[in-house]
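The lines below spell out each chain.
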Amino acid sequence: MNLKDFFIGMSQNQFLNTTAKKYGLKLGAQSVVAGTNIQDMIQSVKELNNNGISATIDNLGEFVLEESEALNAKNQILEVIEAIHTNNADAHISLKPTQLGLDIDYEFCKQNLKEIVSKAKEYDIFINFDMEDYGHLKPSFDLIDELSVEFDNIGTVIQAYFYDSVKNIEKYKDYRLRIVKGAYKEPESVAFQDKKDIDNNFLKLIEYHLLSGKFTSIATHDHRVINHVKEFVKENNVSLDKFEFQMLYGFRKDMQLELAKEGYNFCTYVPFGDDWYGYYMRRLAERPQNINLMVKQVFNKRTNTVLGVAAGAFVLGRLTKKRKK
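Residues numbered from 1 in each chain as written. Predicted model: local features only at pLDDT ≥ 70, side-chain atom pairs only at ≥ 80, totals over all residues. Heavy atoms only, no water.

Draft legend 1. Highlighting the overall build of the protein chain. Counting its secondary structure elements, the protein chain contains 13 helices and 8 strands. Every one of the 325 residues in the protein chain was classed for burial, and the buried ones make up 55%. Residue pairs in contact within the protein chain that sit at least 24 positions apart in sequence constitute 73% of those at least 6 positions apart. Surface accessibility of the protein chain: about 15,000 Å² in total, with carbon and sulfur atoms responsible for 48%. (Helix = DSSP H or I, 4+ residues; strand = E, 2+ residues; numbered from the N terminus. Buried < 20%, exposed > 50% of the residue type's maximum accessible area, 1.4 Å probe, protein only. Contact = heavy atoms within 4.5 Å. Areas by Shrake-Rupley, 256 points an atom, 1.4 Å probe, with all protein chains shown as cover.)

Draft legend 2. Molecular detail of helix α10 (residues 253-261). If you check which residues of α10 are buried, you get M255, Q256, L259 and A260. The arc that holds every buried residue of α10, seen down its axis, measures 135°, which confines them to one face. Exposed and facing more than 90 degrees away from the buried side of α10 are D254 and K261. Against the buried residues of α10 lie α9 (223-235), β7 (243-248) and β8 (266-272). Just downstream of α10, G263 is the residue with a positive phi angle, here 100°. (Arc of directions from axis to C-beta.)

Draft legend 3. The arrangement of the pattern of salt bridges in detail. Per the counting criterion, the structure on display carries 18 salt bridges. For K138, the salt bridge identified is with D142, shortest N-O distance 2.9 Å. Of this pair, K138 and D142 both sit in helix α6 (residues 137-148), separated by 4 residues, roughly a single helical turn. The exposure class assigned to D142 is partly exposed, which follows from its relative accessible area of 24%. Across the pair D174 and K173 runs a salt bridge, and its minimum N-O distance is 3.6 Å. Among the residues examined, D174 registers a relative accessible area of 56% and is labelled exposed. In this structure K173 comes out as partly exposed when scored by relative accessible area, which is 28%. What emerges from the salt-bridge pattern is a single network uniting D58, K96, D130 and R178. (Salt bridge = Lys/Arg side-chain N within 4 Å of Asp/Glu carboxyl O.)

Draft legend 4. Focus on the packing of aromatic side chains. Tallied over the full model, the rule gives 8 aromatic pairs. With centroids separated by 4.9 Å and ring planes inclined at 15°, the aromatic side chains of F141 and Y172 adopt a geometry described as stacked. Remark: Y172 occurs in the loop between α7 (165-171) and β5 (176-180) and F141 occurs in helix α6; sequence separation between them is 31 residues. Across the pair, exposure class does not vary: F141 and Y172 are buried alike. Seen in terms of ring centroids, F243 and Y264 are 6.2 Å apart; in terms of plane orientation they differ by 50°. Their pairing is tilted. Of this pair, F243 sits in strand β7 while Y264 sits in the loop between α10 and β8, and the two are 21 residues apart along the sequence. Judged by its relative accessible area of 1%, F243 is buried. Taking relative accessible area as the criterion, Y264 reaches 11% and is therefore assigned buried. Grouped by ring-pair contacts, the aromatic residues Y134, Y161 and F162 constitute a single cluster. (Phe/Tyr/Trp six-rings, centres within 6.5 Å; stacked < 30°, edge-to-face > 60°.)

Draft legend 5. Layout of the packing of helix α8 (residues 195-212) against α9. One can describe the packing of α8 onto α9 by two numbers: an axis separation of 11 Å at closest approach and a directional angle of 30°. As summarised for this structure, α8 and α9 are arranged roughly parallel, according to the angle between their axes. Handedness of the crossing formed by α8 with α9: right-handed. Of α9, the residues touching α8 (which contributes F202, L203, I206, E207, L210 and L211) are V225, H228, V229, F232 and V233. The residue makeup of the contact of α8 with α9, split by class, is 9 nonpolar, 1 polar and 1 charged. (Axes fitted to C-alpha atoms, helices over the stretch in contact; angles between N-to-C directions. Parallel < 35°, antiparallel > 145°, perpendicular 65-115°, else oblique. Left-handed = near helix turned anticlockwise from the far one by under 90°. Nonpolar A, V, L, I, M, F, W, Y, C, P; charged D, E, K, R; others polar.)

Draft legend 6. Focus on the sheet that holds strand β6 (residues 215-219). The 8 strands are arranged β1-β2-β3-β4-β5-β6-β7-β8 in a closed barrel whose pairing can be described as parallel. Direction aside, the axes of adjacent strands within the sheet are offset by 30° on average. Examined bridge by bridge, strand β2 (residues 91-95) and strand β3 (residues 127-129) share 3 bridges and lie parallel to one another. Paired with L95 across the strands is F129, a residue of β3. Packing of helix α4 (residues 67-86) onto the sheet brings it into contact with β1 (54-59), β2, β3 and β8, and relative to β2 it is tilted by some 165°. Here α10 sits on the sheet in contact with β7 and β8, set at roughly 165° to β7. (Pairing = 2+ DSSP bridges.)

Draft legend 7. Spotlight on the nonpolar core. Residues I127 and F129 are the most contacted members of the largest nonpolar core, which totals 74 residues. The dominant element in this core, judged by the number of residues it contributes, is α4, at 6 residues. Core analysis: the second largest hydrophobic core is formed by 11 residues, V32, F251, Y269 and Y280 among them. (Core = buried A, V, L, I, M, F, W, Y, C linked by side-chain atoms within 4.5 Å.)

Draft legend 8. Fine view of the side chain of H136. When you line up the elements, H136 lands in the loop between β3 and α6. Since its relative accessible area comes to 16%, H136 is described here as buried. Within the structure, the side chain of H136 is placed 2.6 Å from the side chain of D103, a separation counted as a polar contact. Among residues more than four places away in sequence, those in contact with H136 are T98, L102 and D103. (Polar contact = N/O pair within 3.5 Å; in protein donor to acceptor, adjacent residues only side chain to side chain.)

Here it is in structure tokens:
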């Protein structure tokens, strides 16, 4: 098993996700998660805003299989929307349909999403539907199709590792889209496995939407991709108001500030909440450089935080010992 598969496996382990909540953000996640409550998160967003950076806020939550959990998540997101409005924050919402009940009942999930999108519409706040693994792809797109009949403040994500991504980006070109490489382990039958193929498709999708789409959010920490986009928009006279760069909270802070100062639209993906473990492990799985980035950032601060592989190994080791007892 390679390192990516290891971290993805850990991110999908419900027992580890549940147990990790007990530790708060003590396993290194405090450097990449903006607190566990709305107040702390808004403070982080306002700091970003003061530096010319907008935010997309993710109220973390996974393995939602009870209606009560989905309703709690919905109410929390509604509170976040109110907090964005009240604090006049430059921010919008990113959410996962599974957190709102997609694995429980489609219509139940749709009603929860409709309530959120409707409230956000009142305040002119955009809602982004994050895409998850391949099994949730079709129902998530179905939800977008249905809600788009009534609302125009929604968009979604196109994952470059899927073969169908070209078809989907053409279908949803009139939407605001975030383009990513993809963060789940998918079979060869539906997704590219080779990094080079994924990278090539990633650039292809970005270029297509920059030229033909509504608004493009380019989610990457890779300076080579960023430099490629800079050259591409110049050569093709793409207006700066047609796209933004996106990075994750806590990653490459200097580059985030630099791009904003250069005049590019920049948006930071800001996760918060105590259900942080799955998100954290997928960030480590996405690219080995993420482990190095977090280790450098934390040890530069001379903290005692354990990051990267150690974070996962620590939790796993503790749990294993307890089970043996």
